[in-house]
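This is what each chain is made of:
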Amino acid sequence: MNSTRLVVGSGPEAGTVILDMGQGGNPGLVMHRASLLRELLAPIPQELLHTNKKLTTISPTAECVQISFEDGSTYIYDAVIGADGIFSNVRKHVLQDAAAEEWSATPAGFWDSRILVSYEKAKSKLGAEYFELDRQFGWVGDRAFIMHDILENRTMVQCVISAFESDPPKDRKRSLTRESLTETLSSWLGGPIAKGVIDLTLDQPDPQGYSQWEHKSTSSYAKGNVCIVGDAAHAMTPWQGFGAGMAIEDAMVLRKLFANIESPKEIGAVFKAFDAVRRSRCERIIHSSRETGLIFCGQNEEIRLDVNKFRDSLASRWECIDAIDYQSHEEEALTYLKEHISGK
Ligand SMILES: Cc1cc2nc3c(=O)[nH]c(=O)nc-3n(C[C@H](O)[C@H](O)[C@H](O)COP(=O)(O)OP(=O)(O)OC[C@H]3O[C@@H](n4cnc5c(N)ncnc54)[C@H](O)[C@@H]3O)c2cc1C
């Protein structure tokens, strides 16, 4: 990818370029989700993968953990690491009764719709000028945000419409119609991008917008020999594109911690150290991501739709994610591990 270009999408300044993020530095990589999953799964031996099994209960025994699945099977392991997503069963076990209310996932205040269309179709509908480089475009504006990026060796384009949501539906989804989209994007229709993206979205069978939910805070990522990672621990909005990145960081830290213990008796200390080092970083990014969404949708009180203020605030917005030295992060985790093993 060349860069991410942020442009004003609504109002009289529609079309004004705000900034190119990543140009000259690290522009990042945009990847189709299915391709990322395929690459992550490729090195794992087939005999370790068991699909179509739904975990139902977790019962800690004296030194182990028994887990049961919907198909009636049960297993006993030294530990359980739950990566079962935002509405995780393992999370409910870790947080116990508190999970149901105080720490459960809640709406973040936005919905979005994501579609994949062929490269040629997107190019002809949105305009060839946006496809000269492998560039991601983010269009910021009044109560909404539009994004498009090129995937799969220039064969596919992802188009996203996100919007501010003040009335989250109970089932977390809304049907999208021309009427609802033109109302949501009413101040965008005179600009260069909204009409094309609306047409592409409505060309899909049964287009839907999905509410974004998040874990605003979590009291612990671990209980005994059970731990939660990824979205089970820290589901966040997609505004800074880092939910999966945080899950990968979790795996990196756990790998380091497990490499530094000598007995299953120390697994509880591993999970305590994991919680100590990861939770503050993840919660900071969850809040930063939501705040980034408010800025992108023109809802930040200070910035609103002022192009110069957008530029100033967005240029440094990713520092809270990027300004980390992973070696130090792992060392910090090991320091906590030693403290927990020695019982401090
Ligand atoms: C719209 C959107 C856009 C996003 N964009 C980005 C992005 O650009 N960049 C980025 O880094 N992140 C992004 N994310 C976040 C990213 O998708 C998540 O952070 C990531 O998928 C989390 O991975 P996970 O494995 O923890 O959870 P999930 O991907 O949710 O996987 C959980 C798995 O657990 C399974 N499961 C659930 N319950 C059970 C059970 N009881 N028993 C057994 N299995 C179970 C589910 O079937 C699923 O396979 C986005 C998220 C959304 C919603």
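A brief report on the enclosed structure follows. Sequence order as written defines the numbering, with residues in each chain counted from 1. Local features are withheld for residues below a pLDDT of 70 in this predicted model, meaning they are given only at 70 or higher, and side-chain atom pairs are given and counted only at 80 or more; totals for whole chains, interfaces and linings count all residues. By convention in this description, side-chain values take in all heavy atoms of the structure and omit both hydrogens and water.

Here we come to the environment of Gln 240. Secondary structure elements follow DSSP: runs of H or I of four or more residues count as helices, runs of E of two or more count as strands, with numbering from the N terminus. Structurally, Gln 240 can be placed in the loop between α6 (231–234) and α7 (243–258). Working definition: with a 1.4 Å probe on protein chains only, accessible area under 20% of the residue-type maximum means buried, over 50% means exposed, and in between means partly exposed. The exposure class assigned to Gln 240 is buried, which follows from its relative accessible area of 5%. In sequence terms Gln 240 and Thr 292 are 52 residues apart; their C-alpha atoms lie 7.1 Å from each other. Any pair of residues with heavy atoms lying within 4.5 Å of one another is described as a contacting pair. Sequence-distant contacts of Gln 240, defined by excluding residues within four places in its chain, comprise Ile 285, Ser 288, Ser 289, Thr 292, Arg 317, Trp 318, Cys 320 and Ile 321. Any pair of N or O atoms that falls within 3.5 Å is considered a polar contact. Within protein, one atom must be able to donate a hydrogen and the other to accept it, and sequence-neighbouring residues count only if both atoms are side-chain atoms. Looking at Gln 240, its side chain comes within polar contact range of the main-chain nitrogen of Ser 289, at 3.3 Å.

Now for the side chain of Gln 136. In this structure, Gln 136 sits in strand β8 (residues 136–141). The exposure class assigned to Gln 136 is buried, which follows from its relative accessible area of 13%. Within the local environment of Gln 136, its side chain forms a polar contact with the side chain of Thr 4, the two groups lying 2.9 Å apart. Sequence-distant contacts of Gln 136, that is, excluding residues within four places in its chain, are made with Met 1, Ser 3, Thr 4, Arg 5, Val 30, Met 147, His 148 and Asp 149.

Let us now look at unusual backbone geometry. In the Ramachandran plot, Asn 153 falls in the positive-phi region, its phi being about 55° despite a non-glycine side chain. As for its placement among the helices and strands, Asn 153 is situated in the loop between β9 (144–151) and β10 (156–164). Of the residues examined, Asn 153 reaches a relative accessible area of 76% and is grouped as exposed. Positive phi outside glycine occurs at Arg 304, with the angle close to 45°. You can see Arg 304 is positioned in the loop between α8 (267–296) and α9 (307–315). Among the residues examined, Arg 304 registers a relative accessible area of 37% and is labelled partly exposed.

Here we take up the sheet that holds strand β3 (residues 55–60). Spatially, three strands are ordered β3-β4-β5 in an open sheet, and the strand pairing comes out antiparallel. Looking at the sheet topology across the chains shown, the edges are occupied by β3 and β5 (74–77). Direction aside, neighbouring strands of the sheet carry axes that sit 20° apart on average. Two strands qualify as a pair provided that DSSP identifies no fewer than 2 bridges between them. Examined bridge by bridge, strand β4 (residues 65–69) and β5 share four bridges and lie antiparallel to one another. Bridged to Gln 66 within β5 is Ile 76. Here, axes are lines fitted to C-alpha atoms. For helices the fit covers the stretch in contact, and angles between N-to-C directions go from 0 to 180 degrees.

Further remarks concern the pattern of salt bridges. Salt bridge, as applied in this entry: a Lys or Arg side-chain nitrogen positioned within 4 Å of an Asp or Glu carboxyl oxygen. Scanning all chains against the criterion turns up 18 salt bridges. The salt bridge involving Lys 125 is made with Asp 199; its shortest N-O contact spans 3.4 Å. With Lys 125 in helix α3 (residues 119–126) and Asp 199 in helix α5 (residues 194–202), this residue pair connects regions lying 74 residues apart in the sequence. Since its relative accessible area comes to 42%, Lys 125 is described here as partly exposed. What makes Asp 199 partly exposed here is its relative accessible area of 26%. Residues Glu 165 and Arg 174 are paired through a salt bridge, measuring 2.6 Å at the closest nitrogen-oxygen approach. Using a relative accessible area of 4% as the deciding quantity, one classes Glu 165 as buried. Members of the salt-bridge network, linked through shared partners, are Glu 249, Asp 250, Arg 278 and Arg 281.

Pairing between the strands of a sheet comes from backbone hydrogen bonds, and it takes one of two forms, parallel or antiparallel. Strand order in the open sheet made by the three strands is β6-β14-β13, with mixed pairing throughout. The open sheet is flanked by β6 (80–82) and β13 (222–223), the only strands paired with a single partner. Where α8 meets the sheet, it contacts β6, β13 and β14 (226–228), and its direction lies at approximately 25° from that of β14.

Moving on, we get to the site of the ligand. Throughout, the term near means that a residue has one or more heavy atoms lying within 4 Å of the molecule or strand in question. Around the ligand, 18 residues are found, and the nearest of them are Arg 33, Leu 55, Asp 231, Gly 243 and Ala 244. One of the backbone nitrogen or oxygen atoms of Ala 244 is found 2.9 Å away from an oxygen atom of the ligand. Using a 1.4 Å probe, the Shrake-Rupley method yields the accessible areas, and only the shown protein chains count as cover for residues. Summarising the interface, the protein chains cover 58% of the accessible area of the ligand, which totals 1000 Å² for the free molecule. For the shell around the ligand, the secondary-structure elements that each account for two or more residues are β7 (106–118) and α7. No other element matches the three residues that α7 contributes to the shell around the ligand.

So, on to the packing of aromatic side chains. Pairing of aromatic side chains here covers Phe, Tyr and the six-membered ring of Trp, requires ring centres within 6.5 Å, and sorts the geometry by plane angle: under 30 degrees stacked, over 60 edge-to-face, intermediate tilted. Using the criterion set out here, one finds 15 aromatic pairs in the structure. Note on Phe 69 and Tyr 75: the rings are 5.8 Å apart at their centroids and 80° apart in plane angle, and the pair reads as edge-to-face. Looking at Phe 69, the relative accessible area reads 15%, which means it is buried. Classification of Tyr 75 by relative accessible area gives partly exposed; the value is 31%. Geometrically, the ring pair formed by Tyr 130 and Trp 139 is edge-to-face, given 5.4 Å between the ring centres and 90° between the ring planes. Members of the aromatic cluster, connected to one another through ring pairs, are Phe 110, Phe 145, Phe 164, Trp 239, Phe 296 and Trp 318. By the criterion adopted, a ring carries a charge over it if an Arg CZ or a Lys NZ lies within 6 Å of its centre and within 35 degrees of its normal. Across from the ring centre of Phe 69, 5.1 Å away, lies the NZ or CZ of Lys 53, which sits over that ring. A cation over an aromatic ring shows up here: Arg 172 above the ring of Trp 213, its NZ or CZ 5.5 Å from the ring centre.

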